[in-house]
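Understanding the architecture of this molecule
Each chain is listed here by its residues.
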Amino acid sequence: MDNEERDHVEPLKSERYFQEKDLWGFIHRSFTKSMGYSEASLRKPIIGIANTFSELNKCHSHFNELVDYVKRGVWQAGGTPMEFPTISIGEPYIKPTTMLLRNLMAMDTEEMLKGHPIDGVVLLGGCDKTVPAQLMAAASANIPAIVLTGGPMLNGRLGGRSLGACTDCYGFTLEHKAGNISDEELAVAEDAICRSDGHCMVMGTASTMASIAEALGMALPGCAAIPAPDSRRRHLAEETGKQIVELVRQGIRPRDIMTREALENAITVTMASGGSTNAIIHLIAIAQRLGMKLPLETFDEISARTPFILNLRPSGQYQMEEYFEAGGVPALMKELEELLHGDCLTVTGETIADNLRGARTLDRDVIRTVEEPLDTQGGIAVLRGNLAPDGALVKQTAVSAHLKSHIGRAVVFESPEDLTRRIDDPDLEVDETSVLVLKNAGPKGAPAMPEIGQIPIPRKLLQQGVRDMVRISDARISGTSYGALIVHAAPEAAVGGNLALVQSGDRIELDIASRRLILHVPDDELARRRAAWQPPKPHYDRGYGLLFHERVLQANLGCDFDFLLPAELRRELLGE
Ligand code: FES
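Our subject in this report is the structure included herewith. (Residues numbered from 1 in each chain as written. Predicted model: local features only at pLDDT ≥ 70, side-chain atom pairs only at ≥ 80, totals over all residues. Heavy atoms only, no water.)

By size, the foremost hydrophobic cluster in this structure holds 115 residues, and its most contacted members are Leu124, Leu148, Leu216, Phe299, Tyr323 and Ile367. For this core, the element with the highest residue contribution is helix 13 (residues 278-289), accounting for eight residues. The residues touching Leu148, leaving out its near neighbours within four places in the chain, are Leu66, Val70, Val122, Leu123, Leu124, Gly125, Cys223, Arg233, Leu236, Ala237 and Thr240. Ranked by size, the runner-up nonpolar core spans 29 residues in total, among them Val394, Val399, Ala410 and Val435. (Core = buried A, V, L, I, M, F, W, Y, C linked by side-chain atoms within 4.5 Å. Buried < 20%, exposed > 50% of the residue type's maximum accessible area, 1.4 Å probe, protein only. Helix = DSSP H or I, 4+ residues; strand = E, 2+ residues; numbered from the N terminus. Contact = heavy atoms within 4.5 Å.)

So, in structure tokens, the structure goes:
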């Protein structure tokens, strides 16, 4: 497609670079032609491909191949592809936590999009923090964009059993710690669980964010669930390359697609899927980049009216491979159609309702109906109470039934280091009714809110057969975690939230049905403890870590940096 053939009249950014006859036009053409691009190629829309391949990111190991298929599609549709790198965030590798780098990746991607002659972009993401970072960047840069995720791994296989990363990683290491499996058996499991390219294959954060990209309308239908090694993902990559040229031709931008209604669709799909609690933070951050507030109440309201219908681990039985065979996100959205805004525009250039025409469920055990759900409510509940005045989250579908309403005595760990030091101490005063409390693991505290909210069960209780307890923190959890895990307590302990004031022996009440999380300590005693409270020392005294510490927002505000919000929303939310 030559630039003259477009539907809209606004000049493309690439035209300003490559078609001016001035000094800079000369330089841009000359330097770019030296890479082998012809004059004719520079007269076509320039399509950026954000390739996040990295040998330090297992989930993106196949991206160089996928990029080739995207390029095919771009050339076929009359665009000129130009691949570029950004930061890549591989969940298991980056310490202290990948959340430290989500905002950095969002900034990196946004500035790459804004600073280059890119008319449209295909964003290749997959591992947990990459897709939210790219959606945040797309929201801020607002140039035509399509997300192409790398797809989930094939199911792990061992002894006839289907294994899932990383839900079974926890199970294997737990049983090893309890002395039930040997070192050799653990090594065999390590090799069997991850056996192909792709991201984690349960409904963890990566699968949740891939589903969200699709539900928002920012990825082509069917994108989320196609396994990474399946040839149909390459077909979809080619199609994505074609479609981004079409989006440029039509002038359709992310803010035309990511409306409030589209965000509500994404929340509905997350709740129906038993999606990751991390998605709440990411969706809030994306909404705020678009200039919209997305309070936790919206999630709870949508959760309350959305049945949980996707039978995927960690909340259910199957994994992404079976989800794909059952019809994937389009089939799930078809089941939910009455609960969705069907008129939302998508990257196909058509609406959600148009895209869902013809979608159907092929395996009723994987995708249930709204009439016969796995649970009448969505996967995540928002808890309130004096322990988390600004909210806390629980993935209610993954909580053991006997703990959904519970009162127990707190066993407090002051920090992640304190937890590591004492959790397996044989003298720790704890039993199965105790409530484990971890402080100083929030956005500023740990730092950067690591996924350590799945507080380990103390070894002595494990050996007695205990496999779930109520655990409360201001940390996050992996989307692959399971159990009675209350996370994202806000305000966090490190800024003086009431979590900071809990002491071992205090009584804590959890009641998921009534959304209550109460610390049974009188107000005057809390005031006394607050007067004696001292904030922990920041972990950084320079560099990006210090910037993160000083500017990160709390979990209920998406953990973005305050200065990345649109100015008007920043004033409204933060009073600046
Ligand atoms: Fe990348 Fe799990 S490690 S999605």
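Before going further, it helps to spend a moment on the pairing of strand 9 (residues 405-413). Across five bridges, the pairing between strand 9 and strand 13 (residues 507-511) is antiparallel. Bridging from a neighbouring strand, Ile407 pairs with Glu509 of strand 13. As paired elements, strand 9 and strand 10 (residues 435-438) share four bridges and run parallel to each other. If you follow Phe413 over to strand 10, its bridge partner there is Leu438. (Pairing = 2+ DSSP bridges.)

Here the structure, examined in full by the defined rule, presents one disulfide. Through a disulfide, Cys166 is tied to Cys169; the S-S separation comes to 2.4 Å. Given an S-S torsion of about -75 degrees, the disulfide between Cys166 and Cys169 has left-handed geometry. Cys166 sits in the partly exposed class, given a relative accessible area of 27%. (Disulfide = S-S within 2.5 Å.)

Bringing the sheet that holds strand 2 (residues 80-85) into the picture now. Taken together, the four strands give an open sheet; going across it, the order is 2-1-3-4, and neighbouring strands pair in parallel fashion. Every interior strand has two partners, whereas the edge strands, strand 2 and strand 4 (145-149), have only one. Adjacent strand axes in the sheet meet at a mean angle of 20 degrees when their direction is disregarded. In this structure, strand 1 (residues 46-51) lies alongside strand 2, joined through six bridges in parallel fashion. Counted as the bridge partner of Ala50 is Phe84 from strand 2. (Axes fitted to C-alpha atoms, helices over the stretch in contact; angles between N-to-C directions.)

This brings us to the environment of Val466. Looking at the secondary structure, you find Val466 in the loop between helix 19 (459-462) and strand 11 (470-473). Taking C-alpha positions, Val466 is 9.2 Å from Asp431, a pair spaced 35 residues apart along the chain. The residues contacting Val466, other than those within four sequence positions of it, are Glu432, Ile457 and Leu461.

What follows deals with helix 13. The end-to-end C-alpha separation of helix 13 is 17 Å, in line with the 16 Å expected for twelve residues at 1.5 Å each. Along helix 13, twelve of the twelve residues are buried, which leaves the element largely enclosed by surrounding structure. Of the positions making up helix 13, those classed as buried are Asn278, Ala279, Ile280, Ile281, His282, Leu283, Ile284, Ala285, Ile286, Ala287, Gln288 and Arg289. Two residues or fewer after helix 13 comes Gly291, characterised by a positive phi angle close to 90 degrees. (Expected span 1.5 Å × (residues − 1).)

So, on to the sheet that holds strand 13. As summarised here, the arrangement of the eight strands in space is 7-8-12-11-10-9-13-14, forming an open sheet in which the pairing is mixed. Strands with a single pairing partner mark the edges of an open sheet, and in this sheet they are strand 7 (380-383) and strand 14 (516-520). Adjacent strand axes in the sheet meet at a mean angle of 25 degrees when their direction is disregarded. In the sheet, strand 13 pairs with strand 14 via five bridges, with the strands oriented antiparallel. For Glu509, the partnering residue across the bridge sits in strand 14 and is Ile518. Packing against the sheet, helix 14 (residues 296-305) makes contact with strand 7 and strand 8 (392-395), and its axis sits at approximately 135 degrees to strand 7.

A word on the pattern of salt bridges. Taken as a whole and judged by the stated rule, the model has 36 salt bridges. Linking Lys293 and Glu572 is a salt bridge whose minimum nitrogen-to-oxygen distance equals 2.8 Å. Pair noted here: Lys293 is in the loop between helix 13 and helix 14 and Glu572 is in helix 22 (residues 567-574), with a separation of 279 residues, a long-range link. Residue Lys293 is classed as partly exposed on the basis of its relative accessible area, which comes to 38%. Bridged by salt links that share partners, the residues Glu110, Glu111, Lys114, Arg289 and Asp560 form one connected network. (Salt bridge = Lys/Arg side-chain N within 4 Å of Asp/Glu carboxyl O.)

With that out of the way, let us pick up the pairing of strand 11. The side-chain alternation of strand 11 yields two buried faces, one formed by Val470 and Ile472 and the other by Arg471 and Ser473. Bridge count between strand 10 and strand 11: four bridges; the pairing is parallel. When the sheet's bridge partners are listed, Leu438 is paired in strand 11 with Ser473.

Another point: the packing of helix 9 (residues 205-216) against helix 12 (residues 260-273). The interhelical angle for the contact between helix 9 and helix 12, taken along N-to-C directions, is 140 degrees, at an axis separation of 8 Å. Judged by the inter-axis angle, helix 9 sits oblique to helix 12. The element helix 9 and its partner helix 12 pack so that their crossing is right-handed. Residue-level contacts link Thr208, Ser211, Ile212, Ala215 and Leu216 of helix 9 to Ala262, Leu263, Asn265, Ala266, Val269 and Thr270 of helix 12. Across the contact of helix 9 with helix 12, the residue classes break down as seven nonpolar, four polar and no charged. (Parallel < 35°, antiparallel > 145°, perpendicular 65-115°, else oblique. Left-handed = near helix turned anticlockwise from the far one by under 90°. Nonpolar A, V, L, I, M, F, W, Y, C, P; charged D, E, K, R; others polar.)

This next bit is on unusual backbone geometry. Looking along the chain, the bond that leaves Ala165 and enters Cys166 is cis, with omega of -5 degrees. Of the consecutive residues Ala490 and Pro491, the connecting peptide bond is found in the cis state with omega at -5 degrees. Within the secondary structure layout, Pro491 lies in the loop between strand 12 (485-487) and strand 13. We note that Asn142 has phi near 55 degrees; this positive angle belongs to a residue other than glycine. Considering the arrangement of structural elements, one finds Asn142 in the loop between helix 6 (130-141) and strand 4.

With the rule as written, the count across this model stands at five aromatic pairs. Seen from their ring centres, Phe548 and Phe561 are 5.5 Å apart, and the 80 degrees between their planes marks the pair as edge-to-face. You can see Phe548 sitting in helix 21 (residues 543-551) and its partner Phe561 sitting in the loop between helix 21 and helix 22, a full 13 residues away along the chain. Here the aromatic residues Tyr544, Phe548, Phe561 and Phe563 are joined through ring pairs into a cluster of three or more. (Phe/Tyr/Trp six-rings, centres within 6.5 Å; stacked < 30°, edge-to-face > 60°.)

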